[in-house]
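Structure assessment
Listed below are the residues making up each chain.
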Amino acid sequence: MSLLSVRKLVKRYGGLVATDNVDLDIAAGELHAIIGPNGAGKSTLITQLAGEIRPDAGSILFRGKDITTLRAEQRALLGLARSYQITSVFPEFTALENVMLAVQAHQGHSFRAWSPVSTQSSLTEPALATLEQAGLVHRQAVRAADLAHGEQRQLELAMVLAGQPRLLLLDEPMAGMSQAESAEMTRLLLSIKGRYGIVLVEHDMDAVFRLADRITVLVYGRNIASGPPDHIRQHPEVRAAYLGDEQ
Amino acid sequence: MPLSLDTFRTLSTATRAGLVLLALLALLPLFMRDDPFLLALFARILIFAFASLSLNLILGYGGMVSFGHALYLGLGVYGAAILSFHGVDSGWLQLLTVLAACALVGLITGSIALRTSGISFIMITLAFAQMFYFLFVSLSQYGGDDGLRLKAGSSFGAARLTDGYTLYATAFLLLCAGLYGCHRVIHSRFGTVIRAARSNERRMRALGYPTFRYRLAAYVLSACLCGIAGMLYANLTQFASPSYMSWTTSGELIVMVMLGGLGSLFGPLFGALAMLLTEEALKALTQHWMVIFGPLIVIVVLASRQGICGFCDALDRRRRQHGATTLTGETKA
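Reading the values: rules and limits
- Residues numbered from 1 in each chain as written.
- Chains lettered and ligands numbered in written order.
- Predicted model: local features only at pLDDT ≥ 70, side-chain atom pairs only at ≥ 80, totals over all residues.
- Helix = DSSP H or I, 4+ residues; strand = E, 2+ residues; numbered from the N terminus.
- Rg over C-alpha atoms; globule rule 2.2 N^0.38 Å.
- Buried ≥ 20, exposed ≤ 12 C-beta atoms within 10 Å, placed from the backbone.
- Axes fitted to C-alpha atoms, helices over the stretch in contact; angles between N-to-C directions.
- Parallel < 35°, antiparallel > 145°, perpendicular 65-115°, else oblique.
- Left-handed = near helix turned anticlockwise from the far one by under 90°.
- Contact = placed C-beta atoms within 7 Å.
- Nonpolar A, V, L, I, M, F, W, Y, C, P; charged D, E, K, R; others polar.
- Pairing = 2+ DSSP bridges.
- Core = buried A, V, L, I, M, F, W, Y, C linked by C-beta atoms within 7 Å.
- Expected span 1.5 Å × (residues − 1).
- Domains from an automatic or database assignment.

**Some words on the overall build of chain A**
Looking only at helices and strands, one finds 9 helices and 10 strands in chain A. Computed over its C-alpha atoms, the radius of gyration of chain A comes to 18 Å, within 12% of the 18 Å expected for a compact globule of 247 residues. The principal-axis extents of the C-alpha atoms in chain A amount to approximately 60 × 40 × 35 Å. Here chain A holds 247 residues, and the buried ones make up 47% of them.

What follows is the structure, encoded as C-alpha cells:
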C-alpha cells in the first residue's frame, strides 16, 4: 500500500485547469520530485495535498484513509507536514521557540495557560534534538528574523521534521538560496531521505536528479511523465516541454 | 516572583518603569486623604488600565482588532446597575452575572467575528457593539438614553465598592493580578499559540493547530476581564449609561493600548495613565482640549510605532549598543 495515493485530482480556476486529472503514488520512504515549468500547477498540487485548498474532483488517500475533505490542521496531525516556498517561520520567535511550537502542536490541546513554555522539557528536548538534526543548534537563541536566508530555510525544515511526520511536502526548499546554501540543503535532505516519504517541488535540477527516487513532470496541470530520474531525462516529451534541447 | 535589587537591574526599562509606577500607585491613597476627586481620577485610570489590558490580550498579542470592546465594559456596568436596581447588591452575585453575560455574548459574537479577519473583523465587532448600544438605549425600564443611577454599591461582605478607598484598593489589586496573570498566560502554551497565530495563521494550521478555538478562547477571556472592569466602573460613576458602550469608548480603549505599546505587558497601564492624565490637564487648560489632544496622539504614535513601551525598548537597545562599543573600545586599547 502506498503512503499517499492521489486519484484523478482536478482543480479549476475559472477557465484555467490548474490540476488536470493528476494521479500520484508515493511509497513510504520514497523521495518523489515534482518538476515543471512556471505555472504548471506544482504549488497548487502541494497546497491541495496539504489541505489548504479543496480540489474540485478526485480523491486523496493517506495511509489508506480518505483525507480529501479533511482540513489542513487535521491532516498535519495525521502526519502530513508542509513547508512553504516563501519562508514561513515566526520572525519574532527564536529558532528554538519556532521548533518548540511545531513540537507542541502534536502534544494534545494547547489550553494550558499558566506554566511558561521555556521550562517545559517535553517541548525543549525534542526541539533541541530537531535543531541538531537540521544543523542549527548553535543558532537556537537567535530570533528567526535575524537568521540568514539559508538558515531560515533550514529552520523551516526543522519545523516540518519536529512533528515526526510520515510525509513531507516541501515546496521549493532551495528557493533563493546561494550555491553553498543549496549544497547544504541537499546534504540535509540526503541525510533524512528514506526515513520519510517526501514530495519535493524544486527548480534546482541538479538537486532534483541527485535526490529523487522518482520524478513526476507537470505541464499545464497534467502529469505528462512519471518515473525514475534516468527515464525522465530521456523522455522526449519532457525534453521538449521542459528540459530544453541543449541537454 | 522573587525580586531582589539585582534581578530588578536586569529587567527591561519598560518593566522597571511599570513596577515603580505600581509602587507609586500603591502609596498614592496615603497622599490624597482629603482629595476625593484625585482619588476617583486615579481609580478611573486603574479601571481603564485593566480594561485596556483585557483588550491588549487580543489586540496586542493576538492581533484581533476589536473595535467593540466597550460592549463588554457596558455589560459590566449594566450588570451591576440592573442587579442593584432589582435590589441585588451582592458583589459576588453581580460578578457572576457579569462574567456569565460577557462569556455568552463573547462566545456568540466571537464565533461569528473570528471567521473573518482584518477590516471585516473590525467592522463586525463594531456592529455588535452598536447593536447592544441601541438595545440599551431602547430599554426604557432601565433609563434608556438617560441612563440608570446605581442604587447601591456592590457589596463584598462588609466592604462596599462605592467607598473611594475600597474601590481604589480593589482596582489596584485587580490590576496587579491582571498584570501577573497576563504575564503567565502569554508565556504559556496557550499564549504562545495566540501570539504565533497573530503573525502567521496559515502556518499555524499547517503545523496542526485548530487556531479558531484558541483565538475564540482568548476573545472570551478578554471579554470577561473587560466586564469586570465595567463592574468597577459602575461603582466609580454610580451610574450606567449606554454611552459607556458607544464606539467612542471602544476607540479610546484602542488608543490607550496603542499609546502604551501594542503587545507589551505594562503598555495598557502607561497608555491609560498618559491618556487620562493628559486629558484632565488639557481640560483644565482649555475647553477645546481635543484640538491639542488629537495631534498629540498622532505625534506619539508616529514617533514610536510601539508607543511608550517602544520608547523604553529603544532606550534599552541604545544602551546595549553603547555598552558593546565601549567594551570593544576597551579591548582594542
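**Brief notes about the packing of helix 3 (residues 95-104) of chain A against helix 5 (residues 149-162) of chain A**
Residue and element names in this part refer to chain A. At a minimum axis distance of 8 Å, the contact between helix 3 and helix 5 shows a crossing angle of 25°. Looking at the two axes, helix 3 sits roughly parallel to helix 5. The interaxial crossing formed by helix 3 with helix 5 has right-handed handedness. Contacts between helix 3 and helix 5 involve Ala-95, Asn-98, Val-99, Ala-102 and Val-103 on the former and, on the latter, Leu-155, Ala-158, Met-159 and Ala-162. Partitioned by chemical class, the residues of the contact of helix 3 with helix 5 number 8 nonpolar, 1 polar and no charged.

**Side note on the sheet that holds strand 9 (residues 214-219) of chain A**
Residue and element names in this part refer to chain A. A sheet is described by the order of its strands in space; here 6 strands give the open sequence 6-7-8-3-9-10, paired in mixed fashion. Two strands in the sheet have a free side with no partner beyond their single neighbour: strand 6 (80-83) and strand 10 (222-227). Along the sheet, successive strands turn relative to each other by an average axial angle of 15°, direction set aside. Relative to strand 10, strand 9 runs antiparallel, the two being bridged by 5 bridges. Bridging from a neighbouring strand, Val-217 pairs with Ala-225 of strand 10.

**Looking at the sheet that holds strand 5 (residues 65-66) of chain A**
All names here are of chain A. Strand order in the open sheet formed by 4 strands is 2-1-4-5, with antiparallel pairing between adjacent strands. A single partner strand is all that each edge strand has here, and the edge strands are strand 2 (16-26) and strand 5. As paired elements, strand 1 (residues 4-13) and strand 2 share 7 bridges and run antiparallel to each other. Opposite Arg-12, over in strand 2, you have Val-17 as the bridge partner. Along the sheet face, helix 1 (residues 42-50) touches strand 1, strand 2 and strand 4 (57-62) and points at about 60° away from the line of strand 2.

**Side note on the interface of chain A and chain B**
Counting residues at the interface gives 25 residues for chain A and 21 residues for chain B. Sorting the residues of the side of chain A that touches chain B by element identifies helix 2 (72-78) and helix 3 of chain A as the ones contributing at least two each. When residues in the side of chain A that touches chain B are grouped by element, the largest group, 4 residues, is from helix 2 of chain A.

**Regarding the environment of His-203 of chain A**
Residue and element names in this part refer to chain A. Here His-203 is to be found in the loop between strand 8 (197-201) and helix 7 (205-211). Among the residues examined, His-203 registers 14 C-beta atoms within 10 Å and is labelled partly exposed. In this structure, the C-alpha to C-alpha distance between His-203 and Asp-171, residues 32 residues apart in sequence, is 9.9 Å.

**Brief notes about the nonpolar core**
In this structure, Val-99 and Val-199 of chain A together with Ile-47 of chain B are the most contacted members of the largest nonpolar core, which totals 173 residues. A per-element tally of this core places helix 10 (residues 211-237) of chain B first, with 16 residues. Beyond its immediate stretch of four places on either side in the chain, Ile-47 of chain B contacts Ala-171, Ala-229, Leu-232, Tyr-233 and Leu-236 of chain B.

**Some points on helix 5 (residues 91-113) of chain B**
Residue and element names in this part refer to chain B. Helix length check: helix 5, at 23 residues, gives a terminal C-alpha distance of 31 Å against a target of 33 Å (1.5 Å per residue), a fit within 8%. Residues of helix 5 that are buried include every one of Gly-91, Gln-94, Thr-97, Val-98, Cys-102, Gly-106, Thr-109, Gly-110 and Ala-113, and no others. Looking at the packing, one finds that the buried side of helix 5 touches helix 4 (70-85), helix 6 (118-138), strand 2 (155-156) and helix 10.

**Some points on the domain arrangement of chain A**
Bring the parts together and some accessible area is lost; that lost area is often taken as the interface size. Residues and elements named next belong to chain A. According to the domain assignment, chain A consists of domain 1 (1-79 + 166-247) and domain 2 (88-164). Each of domain 1 and domain 2 has a C-alpha centre, and the two are 26 Å apart. In this complex, domain 1 contributes 12 residues to the contact, which on the side of domain 2 involves 12 residues. Listing elements by their share of the side of domain 1 that touches domain 2, those giving two or more residues are helix 2 and helix 6 (179-192). Examining the composition of the side of domain 1 that touches domain 2, we find that 5 residues originate from one element, helix 6, more than from any other. Residues of the side of domain 1 that touches domain 2, tallied by class, amount to 8 nonpolar, 2 polar and 2 charged.

**Quick word on the pairing of strand 3 (residues 31-35) of chain A**
Successive side chains on a regular strand alternate, one facing one side of the sheet and the next facing the other. Residues and elements named next belong to chain A. In terms of burial, strand 3 is largely enclosed, as 5 of its 5 residues are buried. Covered by surrounding structure in strand 3 are Leu-31, Ala-33 and Ile-35 together with His-32 and Ile-34, the residues of both alternating faces. In this structure, strand 3 lies alongside strand 8, joined through 4 bridges in parallel fashion. Considered in strand 8, the bridge of Leu-31 is made with Ile-198.

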